[in-house]
Amino acid sequence: QVQLVESGGGLVQAGGSLRLSCAASGRTFSDSALGWFRQAPGKEREFVAAISWSGGRRSYADSVKGRFTISRDNAKNTVYLQMNSLKPEDTAVYYCNVDRLGRPSYYSGSPGDYWGQGTQVTVSS
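Residues numbered from 1 in each chain as written. Predicted model: local features only at pLDDT ≥ 70, side-chain atom pairs only at ≥ 80, totals over all residues. Heavy atoms only, no water.

Draft legend 1. Up close: the state of the cysteines. Taken as a whole, this structure holds 1 disulfide when the rule is applied. A disulfide bridge connects Cys22 with Cys96, and the sulfur atoms are separated by 2.1 Å. On the S-S bond that ties Cys22 to Cys96, the torsion sits near -85 degrees, and the link is left-handed. You can see Cys22 sitting in strand E3 (residues 18-26) and its partner Cys96 sitting in strand E9 (residues 92-99), a full 74 residues away along the chain. Residue Cys22 is classed as buried on the basis of its relative accessible area of 1%. (Disulfide = S-S within 2.5 Å. Helix = DSSP H or I, 4+ residues; strand = E, 2+ residues; numbered from the N terminus. Buried < 20%, exposed > 50% of the residue type's maximum accessible area, 1.4 Å probe, protein only.)

Given below as structure tokens:
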């Protein structure tokens, strides 16, 4: 089992920044990829960003490219999502996710096996 705990959400004005963190514990794998998904009220959960174990491969949803940056610290088993130039449409619950095998499809939005509990991000206009 893998446990994921997100933190760093909150309320911010449009144009502001937030940094989300996700700490992983339990059974982890050196080939695993980590990522972020989000779900806005009344909408389906959608892919935001993903990063490989080494950090050498990253992908982003078109809606966040150039504004969000995903990174990870394997010594701390933690993945981060730096969110800049936030917009009201970024308002959602953000979920951390892990794909134990680092499948190629993960980088185009196919979610992995484990989810965190989510952290709320609210961007006011």
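Draft legend 2. Representation of the sheet that holds E3. Read from one edge of the open sheet, 4 strands run E1-E3-E8-E7, paired in antiparallel fashion. Strands at the two margins of the open sheet, each flanked by one partner only, are strand E1 (2-7) and strand E7 (68-73). Averaged over all pairs of adjacent strands, the angle between their axes in this sheet comes to 15 degrees, without regard to strand direction. Looking at chain direction, E7 and strand E8 (residues 78-83) are connected through 6 bridges and run antiparallel. Residue pairing for E8: Arg72 is matched across the bridge by Val79. (Pairing = 2+ DSSP bridges. Axes fitted to C-alpha atoms, helices over the stretch in contact; angles between N-to-C directions.)

Draft legend 3. Up close: the pattern of salt bridges. Throughout the structure, instances matching the rule amount to 6 salt bridges. Between Asp90 and Arg38 there is a salt bridge, with its nearest N and O atoms 3.0 Å apart. Here Asp90, found in the loop between E8 and E9, pairs with Arg38, found in strand E4 (residues 33-39); they are 52 residues apart in sequence, far enough to count as distant. Comparing Asp90 with Arg38, the two get one shared label, buried. With a shortest N-O distance of 2.5 Å, Arg103 and Asp99 are connected by a salt bridge. What makes Arg103 partly exposed here is its relative accessible area of 27%. (Salt bridge = Lys/Arg side-chain N within 4 Å of Asp/Glu carboxyl O.)

Draft legend 4. Seen up close, the packing of aromatic side chains. For the structure on display, the rule yields 5 aromatic pairs. Between the aromatic rings of Phe37 and Phe47, the centroid separation amounts to 5.6 Å while the plane-to-plane angle is 75 degrees, which identifies the pairing as edge-to-face. You can see Phe37 sitting in strand E4 and its partner Phe47 sitting in strand E5 (residues 46-51), a full 10 residues away along the chain. For the ring pair Phe37 and Trp115, a centre distance of 5.2 Å and an interplane angle of 70 degrees mean the geometry is edge-to-face. Of this pair, Phe37 sits in strand E4 while Trp115 sits in strand E10 (residues 114-115); the two residues are 78 residues apart in sequence, bridging distant segments of the chain. (Phe/Tyr/Trp six-rings, centres within 6.5 Å; stacked < 30°, edge-to-face > 60°.)

Draft legend 5. Layout of unusual backbone geometry. Look at Asn77: it is not a glycine, yet its phi comes out positive at around 50 degrees. On the secondary structure map, Asn77 appears in the loop between E7 and E8. With a phi close to 50 degrees, Ser85 is a non-glycine residue in the positive phi region. Mapped onto the elements, Ser85 comes out in the loop between E8 and E9.

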